Amino acid sequence: MTRACTVKQTREGSKLNIGVHLSLGTKPGTSVAQAAGAGATCLQIFASSPGAWKAPLLHEDKTEQLRAAVAEHGMHPLVIHAIYLINLASPDPVLRRRSIQSLQAAMEAAAALGAMGVVTHLGSHSGRGFEAVAGTIASGLRQVIETAPDRVALILENNAGAGGLVGAQLEELAALIAFAGSSRRLLVALDTAHLCGAGWDLAADGEGERLVEAIRLTFGLDRLALIHANDSAAVCGSRRDRHAVVGEGHIGLAGFACLLAQGEIRRLPWILETPDLDPSRRDGEQWVSIRRLRALAADSSLASRPGSTPEAVPASTAPAPEDKLDTIDA
């Protein structure tokens, strides 16, 4: 049974920067306005289809609509998520080259859209082990950073650890940043569902503090750029990546309360990639995760009751949809 964490930090719910990975559709301005109306204050998008080697095609009208809407609604930061095909660890030189070129194109798109950076997965060592591919990955990271527009960050995302994927351990992310030259534009995004899959029991007593200390001792808190706030449909330590609505997975409200108790994590943008963001959800079933995180952040009673555990939340009645997120070139 999961133990409750001890909450030590002061809670200021109104200051929590919660965002979403948004389906832009054909009218980016309308999509951004809807997300802002639901309580989002930052934003993540794909700049091209996540399952194809298609370069971003930034249509001028949509780009202007997006930039104007982001400015109007104060969505900061805006970040781009790279495509899912990236594998900087591949033994195939053609795949490595395409991965680097895709990231370079995404960095250019980020600059054009006014985004702070590009979030990317690193790829798989395919059974060869981290040490065998670390130099290859680092070389690719250096190439991307060296050719990228100024002030655009490359943000490395952790993963749950299945299939030889690199980055499940914080030490691996730290080593890659060091091997790549420790550029100040090499940052980290931590996905809570991936942390859970990799073995972090985020609702356990003291786990939030241990996570903060582990970050401090590896790549450093100054490199932690954002949180992907996703509950996990897979059990802790399963090495599986299955996102769930906040409060309906194996992290639960207790786990997110523990993370919110850590000032070093709470101060960051929290971007949701949860099933309830799908626009096909019925009224009342969309944007649930935003509402739950806002309620947790604003619950001052948690701060006054150390060790308290938020009540469990019943699962949504709607099934989790397939990923239908649109892109700027849709």
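Residues numbered from 1 in each chain as written. Predicted model: local features only at pLDDT ≥ 70, side-chain atom pairs only at ≥ 80, totals over all residues. Heavy atoms only, no water.

A. Representation of the layout of surface pockets in the model. In this model, the second largest pocket occupies a volume close to 250 Å³. Class assignment of the residues belonging to the lining of the second largest pocket gives a composition of seven nonpolar, seven polar and four charged. (1 Å grid on protein atoms, 1.4 Å probe; cavity = no way out; pocket = protein on both sides within 12 Å on 5 of 7 lines; lining within 4 Å. Points joined across faces, edges and corners; volume = space filled by probe spheres on them. Nonpolar A, V, L, I, M, F, W, Y, C, P; charged D, E, K, R; others polar.)

B. Structural view of the side chain of Arg 223. Position of Arg 223 among the secondary structure elements: in the loop between α7 (207-217) and β7 (224-228). One buried charged side chain, Arg 223, makes no salt bridge at all; its nearest oppositely charged neighbour is Asp 222, positioned 5.3 Å away. Among the polar contacts listed, one links the side chain of Arg 223 to the backbone oxygen of Ser 182, at a separation of 3.1 Å. For Arg 223, the side chain forms a polar contact with the main-chain oxygen of Ser 183, separated by 2.7 Å. (Helix = DSSP H or I, 4+ residues; strand = E, 2+ residues; numbered from the N terminus. Buried < 20%, exposed > 50% of the residue type's maximum accessible area, 1.4 Å probe, protein only. Lys, Arg positive; Asp, Glu negative; His and termini not counted. Salt bridge = Lys/Arg side-chain N within 4 Å of Asp/Glu carboxyl O. Polar contact = N/O pair within 3.5 Å; in protein donor to acceptor, adjacent residues only side chain to side chain.)

C. Highlighting the nonpolar core. Counting 86 residues, the largest nonpolar core has Val 20, Leu 43, Phe 219 and Trp 270 as the members making the most contacts within it. Per-element tally for this core: the top contributor is helix α4 (residues 130-147), with eight residues. Ignoring any residue separated from it by four or fewer positions in sequence, one finds Leu 43 in contact with Val 20, Leu 22, Val 32, Leu 66, Val 70, Met 75, Pro 77, Leu 78, Val 79 and Ile 271. The next biggest cluster of nonpolar side chains, apart from the first, holds 10 residues, and it includes Val 79, Ala 153, Ala 225 and Ile 271. (Core = buried A, V, L, I, M, F, W, Y, C linked by side-chain atoms within 4.5 Å. Contact = heavy atoms within 4.5 Å.)

D. View of the environment of Arg 292. On the secondary structure map, Arg 292 appears in helix α10 (residues 288-298). Distance from Arg 292 to Gly 247, taken between C-alpha atoms, is 7.6 Å for residues 45 residues apart in sequence. At 2.8 Å, the side chain of Arg 292 forms a polar contact with the backbone oxygen of Val 246.

E. Representation of the pattern of salt bridges within the structure. With the rule as written, the count across this model stands at five salt bridges. Across the pair Arg 216 and Glu 264 runs a salt bridge whose closest N-O atoms are separated by 3.8 Å. In this pair, Arg 216 is assigned in helix α7 and Glu 264 in helix α9 (residues 263-266), connecting sequence segments 48 residues apart. For Glu 264, a relative accessible area of 26% puts it in the partly exposed group. Residue Glu 248 pairs with Arg 292 through a salt bridge whose shortest N-O separation is 2.9 Å.

F. Structural view of the packing of aromatic side chains. Tallied over the full model, the rule gives one aromatic pair. Ring plane angle 85° and centroid distance 5.5 Å describe the contact between Phe 46 and Tyr 84, whose orientation is recorded as edge-to-face. Taken together, the positions of Phe 46 in strand β2 (residues 42-46) and Tyr 84 in the loop between β3 (78-81) and α3 (93-113) put the pair 38 residues apart, joining distant regions of the chain. Phe 46 sits in the buried class, given a relative accessible area of 0%. (Phe/Tyr/Trp six-rings, centres within 6.5 Å; stacked < 30°, edge-to-face > 60°.)

G. How the structure looks around the pairing of β7. Burial analysis of β7 places five of its five residues in the buried class, the great majority of the element. Of the strand pairs in this sheet, strand β6 (residues 186-191) and β7 are connected by four bridges, and their pairing is parallel. Residue pairing in the sheet places Asp 191 in a bridge with His 228 of β7. Where β7 lies against strand β10 (residues 270-272), two bridges are found, and the strand directions are parallel. From the neighbouring strand, His 228 faces β10, where its bridge partner is Ile 271. (Pairing = 2+ DSSP bridges.)

H. Here's a closer look at the environment of Gly 252. On the secondary structure map, Gly 252 appears in helix α8 (residues 252-260). Spatially, the C-alpha atom of Gly 252 lies 6.7 Å from that of Asp 231, the residues being 21 residues apart in sequence. Setting aside chain neighbours within four positions, we find Gly 252 in contact with Asp 231 and Gly 247.

I. Fine view of the pairing of strand β5 (residues 153-157). Judged by how many residues are buried, β5 sits mostly within the fold: five of five residues are covered. Burial along β5 is two-sided: Ala 153, Ile 155 and Glu 157 facing one way and Leu 154 and Leu 156 facing the other are all buried. As paired strands, strand β4 (residues 117-120) and β5 are joined by four bridges and run parallel to one another. Pairing of Val 118 across the sheet is with Leu 154, part of β5. This β-α-β element, β4 to α4 to β5, shows right-handed connectivity. Bridge count for β5 against β6 is four bridges, and the pairing is parallel. Each bridged residue has a counterpart across the sheet, and for Leu 154 the counterpart in β6 is Leu 186. Read as a crossover between parallel neighbours, the route from β5 over helix α5 (residues 170-179) to β6 is right-handed. (Right-handed = clockwise from strand over helix to strand, strands pointing away.)

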